[in-house]
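The residues making up each chain are set out below.
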Amino acid sequence: MTKPTAPVTPNTWNFLRDPMITPTGFREYDARWKYPDEINLPGITALGLGLGTQMIARGIDPIIAVANDYRDYSLSIKNALMLGLMQAGIAVKDIGPAVSPMAYFSQFHLDVPAVAMVTASHNPNGWTGVKMGFERPLTHGPDEMSELREIVLQGKGVARAGGSYEFVDGVKEAYLDDLVGDFKMSRKLKVVCATGNGTAAAFAPELFERIGVEVVPSHNELDYTFPHYNPNPEAMEMLHDMSDSVKASGADFALGFDGDGDRCGVVDDEGEEIFADKVGVIMARDLSKLHPNATFVADVKSTGLFASDPELKKNGVTADYWKTGHSHMKRRVKEIGALAGFEKSGHYFLAEPIGRGYDCGMRVAVEICKLMDRNPDMKMSDLRRALPKTWAMPTMSPYCADTEKYDVLDRLVAKLVAKHTAGETLAGRSIKEVVTVNGARVILDNGSWGLVRASSNTPNLVVVCESSQSEEELRAIFAEIDAVIRTEPLVGDYDQTF
């Protein structure tokens, strides 16, 4: 295998011949690049050869399911990736265009050990990447990604005979059948289905109709230019659009899906955006009645209610706060035998007997409809209001270069830990503890908290705060966390405000 070059130089002779890869595209738990600025097609083929070589080295049965999201360049990327996998001696089963959870489902449906999903997830057009895994329902974590990075960038991919290609039809239909099962709504529900013209548009409306839900369509035409907004149910632009649709249609709530369909966002009947961690608490309350003494994993960006909510305590729930990121969360749910994991970004990991442990926005949509069916006298706004009141902000991401962000974060964590050690206050309250499992989550004596961590997918830091007391305290926590962040000149502007 030719060792890839780091500078990517489009519109050159070599660009069409030699692998070019920017090393920062190998992230904590998936691979992501701007295309063609940071990787070329021969680079994608080198990635496929490296992934296949990694499979062989780890003793994985050399069969892989491969799929792509709905972007105009994703098929080209997938074809280049499959070429590399076949060069490595891997039998490729191409399931066609898909949402990421359909690709994960195909591992079970086709009984294959490995998966590679070509997607940039919710990133804007111009980005591409691969989510991959060898041990269902898990996907690559930092160790696997580091190993893959070494194989690819050092040119250690090994070509072997025996590679093959097969297009497998019918997986989409089997996936939808699996989601629906024998469930049918017994109460009337009218739901705004928001897909932002992304891949989920090919799945969600049909799924809702099959379980007996009236669909209010919202940007459900497939269009890889994303003419209205980038499909990301954590972004206020999409949530506000969902809210407007609810108010205009009188729907019971809205469900929105990201670009590759593994995340789900919720807006209630009053047009209120419910951040995904609060939706997680609503779901955990319902599920813990059916499964008492359950363990739920929440990521460090999520509300403190998983640990403090009286209803969850009454149902014997154990809360486990863990590292943000779909691979980290999937692995943790499996390792400790949790019933589910909830991530503030809208990834939900529903394990047996509800799901298979991987993140699936469509599964979450079905389970939310089942939850509403089990609570026929409740509106989504009733379920929201039943939670203890907290004040939270959207996830905010100040710019910090991929090559700098982890060093910057290490310094910020040290500064925040030092504040605690010195007995300093934050927002006028004493600091109870600083959890450093993933960045720094500064927890105050009243349960309010602020977090700073590094984004695993983009050149950003991530900041989230929550107050158990007031919006005034929330803003004070953010202001003081931000003041520490501003001591680092390499940190730039935020992506949004609140």
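Residues numbered from 1 in each chain as written. Predicted model: local features only at pLDDT ≥ 70, side-chain atom pairs only at ≥ 80, totals over all residues. Heavy atoms only, no water.

Topic: the sheet that holds strand β8 (residues 214-218)
So, step 1. Read across the sheet, five strands follow the order β8-β7-β9-β10-β11 without closing on themselves; strand pairing throughout is mixed. With partners counted over all chains shown, the strands left at the sheet margins are β8 and β11 (273-274), one partner each.
So, step 2. Of the pairings in the sheet, the one linking strand β7 (residues 190-194) to strand β9 (residues 253-257) comprises four bridges and is parallel in character. Counted as the bridge partner of Cys193 is Leu255 from β9.
So, step 3. The strands touched by helix α12 (residues 361-374) within the sheet are β9 and β10 (264-267), with β9 carrying the most contacts at an inclination of about 165°. (Pairing = 2+ DSSP bridges. Helix = DSSP H or I, 4+ residues; strand = E, 2+ residues; numbered from the N terminus. Contact = heavy atoms within 4.5 Å. Axes fitted to C-alpha atoms, helices over the stretch in contact; angles between N-to-C directions.)

Describing the nonpolar core
So, step 1. By size, the foremost hydrophobic cluster in this structure holds 69 residues, and its most contacted members are Phe208, Leu255, Phe257 and Met362.
So, step 2. Ranked by residue count, the leading element in this core is α12, at eight residues.
So, step 3. Beyond its immediate stretch of four places on either side in the chain, Phe208 contacts Val191, Cys193, Val213, Val215, Leu255, Phe257, Ala365 and Cys369.
So, step 4. In this structure, Trp33, Leu49, Ala114 and Leu153 belong to the second largest nonpolar core, which totals 34 residues. (Core = buried A, V, L, I, M, F, W, Y, C linked by side-chain atoms within 4.5 Å. Buried < 20%, exposed > 50% of the residue type's maximum accessible area, 1.4 Å probe, protein only.)

Focus: the environment of Thr53
So, step 1. Looking at where Thr53 falls in the secondary structure, it is placed in helix α1 (residues 41-57).
So, step 2. Sequence spacing of Thr53 and Gly212 is 159 residues, and the spatial spacing of their C-alpha atoms is 46 Å.
So, step 3. If we skip the residues at most four places from it in the chain, Thr53 touches Ala88, Ile151, Lys156, Gly157 and Val158.

Overview of the UniProt feature "domain: Alpha-D-phosphohexomutase alpha/beta/alpha" (unreviewed entry) in the chain
So, step 1. The feature "domain: Alpha-D-phosphohexomutase alpha/beta/alpha" (unreviewed entry), as given by UniProt, occupies residues 25-154, 174-271 and 277-389 in the numbering adopted here.
So, step 2. Taken end to end, residues 25-154 is 41% helix and 22% strand, and its two terminal C-alpha atoms sit 15 Å from one another. (UniProt positions renumbered as here; feature names shortened; annotations may be inferred.)

Considerations on the UniProt feature "domain: Alpha-D-phosphohexomutase C-terminal" (unreviewed entry) in the chain
So, step 1. The sites that UniProt annotates as "domain: Alpha-D-phosphohexomutase C-terminal" (unreviewed entry) are residues 434-483.
So, step 2. Annotated as residues 434-483, this span is 26% helix and 40% strand, and its ends, taken at the C-alpha atoms, are 17 Å apart.

Observations concerning the sheet that holds strand β16 (residues 391-392)
For sheets, the rule is that strands pair by backbone hydrogen bonds, running either parallel or antiparallel.
So, step 1. The sheet built from six strands is open, its strands ordered β16-β21-β20-β19-β18-β17 with antiparallel pairing. Here the strands that pair on one side only, and so sit at the sheet edges, are β16 and β17 (425-426).
So, step 2. Relative to strand β21 (residues 461-467), helix α15 (residues 471-485) is tilted by about 150°, and along the sheet it contacts β16, β17, β18 (429-435), β19 (440-444), β20 (449-454) and β21.

Digging into the pattern of salt bridges
So, step 1. Counted according to the given criterion, the structure contains 38 salt bridges.
So, step 2. One salt bridge connects Glu367 with Arg363, and the closest N-O pair in it is separated by 3.2 Å. Taken as a pair, Glu367 and Arg363 lie in helix α12 at a separation of four residues, close to a single helical turn.
So, step 3. A relative accessible area of 8% means that Glu367 is categorised as buried.
So, step 4. Taking relative accessible area as the criterion, Arg363 reaches 10% and is therefore assigned buried.
So, step 5. One salt bridge in this structure joins Glu488 and Lys415, with 2.8 Å as the shortest N-O distance. Here Glu488, found in the segment after α15, pairs with Lys415, found in helix α14 (residues 405-421); they are 73 residues apart in sequence, far enough to count as distant.
So, step 6. Salt bridges linked by common partners bring Asp178, Arg356, Arg363, Glu367 and Lys370 together as one network. (Salt bridge = Lys/Arg side-chain N within 4 Å of Asp/Glu carboxyl O.)

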